[in-house]
Amino acid sequence: MSSIKLRASTKDGITTVKTLISHPMETGSRKDAKTGEKIPAHFIQEVVCTHNGANVLTASWGPAISKNPYLSFSFKGGASGDKVGLSWVDNKGEKDTDETEIKEIK
Amino acid sequence: MTSMKRRIFLKGSLASGALGVAVSTGLLTPRTALAAWAKEAFEAKDINSALSGLFGTSDLTASDKIKIKAPDIAENGAVVPISVSTDMDGVESITIVAEKNQNPLTATFTLGATTLPDVSTRIKMGKTSSVIAIVKSGGKLYSTGKEVKVTIGGCGG
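As a starting point, this report considers the structure included with it. The structure displayed is predicted, hence computed values, not measured ones. (Residues numbered from 1 in each chain as written. Chains lettered and ligands numbered in written order. Predicted model: local features only at pLDDT ≥ 70, side-chain atom pairs only at ≥ 80, totals over all residues.)

### Quick look at the overall build of chain A
1) Next: The helix and strand tally for chain A stands at zero helices and eight strands.
2) Next: Here the C-alpha coordinates of chain A stretch approximately 55 × 25 × 25 Å along the principal axes.
3) Next: In chain A, which comprises 106 residues, the proportion classed as buried is 46%.
4) Next: Sequence separation of at least 24 residues holds for 56% of the intrachain contacts in chain A that already meet a minimum separation of 6. (Helix = DSSP H or I, 4+ residues; strand = E, 2+ residues; numbered from the N terminus. Buried ≥ 20, exposed ≤ 12 C-beta atoms within 10 Å, placed from the backbone. Contact = placed C-beta atoms within 7 Å.)

Below, the structure written as structure tokens:
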């Protein structure tokens, strides 16, 4: 199962991409309630979004992005059936990627 | 946390096929995947150092063409929805800074040629502070800020 929920819809020549990523986005400041130890930082550092293979957005994140990050943005163009991809890499080198097809909204 | 690790491990082994496809189709090129994270900028404790680390300068020009959509009062500092948009042309990047966070630099978005200068995400805020949006256009940095009151801090520190 992917950590990424990705939706891309197009209307009037603008494609909107929305994504929700499952990730703890630990800042490294939070203490474990039971042990009192700091939970190590574990957060997504880079997100890359593509449209038919071309970069449309690169995001660099710090740990202050909320847990289970939400991201939404739009780009000009995009047709029904085009591929939109999203990949992320975190500070531990863990990564995930997903792809969806643009749906046209009438 | 272990279930998360297990899920990521399983996902890693299951997704190796997908990742292979992604690499071959250029979805996740090695260059993109290994692009350096601006560690000094993200770990800077003041805004000027963060911006210098990211852009090589902290010179900002105030602009009323940048709109920040954020709650006046955030009930939960762990999840504060922020949208930044502008009608400026030639926007190269949008950066979000939470002035009073331990590390003010929160996120930076580099836009593709066809991408609209309009991004939305959710950030953590440790306490009431200004959220500052910086737009890079024509090699220059423009900014605006909006105060967001936080009732319960969201950084856990």
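### Concerning the overall build of chain B
1) Next: Along the backbone of chain B there are four helices and nine strands.
2) Next: Overall, chain B shows an N-to-C arrangement of helices and strands of α-α-α-α-β-β-β-β-β-β-β-β-β.
3) Next: The buried share of chain B, reckoned over its 157 residues, is 37%.
4) Next: Sequence separation of at least 24 residues holds for 64% of the intrachain contacts in chain B that already meet a minimum separation of 6.

### Structural notes on unusual backbone geometry
All names here are of chain A.
1) Next: Phi at Met25 takes a positive value of approximately 45°, unusual for a residue other than glycine.
2) Next: By secondary structure assignment, the location of Met25 is in the loop between β2 (14-21) and β3 (44-51).
3) Next: For Met25, a count of 22 C-beta atoms within 10 Å puts it in the buried group.

### Let's talk about the sheet that holds strand β1 (residues 4-11) of chain A
1) Next: Here we have seven strands laid out as an open sheet, ordered β8(A)-β1(A)-β2(A)-β5(A)-β7(B)-β4(B)-β2(B), and mixed in their pairing. Each end of this open sheet is capped by a strand with a single partner; those strands are β8 (103-104) of chain A together with β2 (66-69) of chain B.
2) Next: Across four bridges, strand β5 (residues 70-76) of chain A lies against strand β7 (residues 115-123) of chain B in antiparallel orientation. Bridge pairing links Phe75 of chain A to Thr115 of chain B in β7 of chain B. (Pairing = 2+ DSSP bridges.)

### Focus on the pairing of strand β4 (residues 54-61) of chain A
1) Next: As paired strands, β3 of chain A and β4 of chain A are joined by six bridges and run antiparallel to one another. Paired with Thr50 of chain A across the two strands is Asn55 of chain A, which belongs to β4 of chain A.
2) Next: As paired strands, β4 of chain A and strand β6 (residues 105-111) of chain B are joined by five bridges and run antiparallel to one another. Directly across from Ala59 of chain A, in β6 of chain B, lies its bridge partner Phe109 of chain B.

### Comments concerning helix α4 (residues 47-55) of chain B
Residue and element names in this part refer to chain B.
1) Next: Listing the buried residues of α4 in full gives Ile47, Ala50, Leu51, Leu54 and Phe55. Down the axis of α4, the buried side of the element spans an arc of 100°, and every buried residue falls inside it.
2) Next: Contact partners of the buried residues in α4: α3 (39-43), β5 (91-98), β6, β8 (129-137) and β9 (140-150). (Arc of directions from axis to C-beta.)

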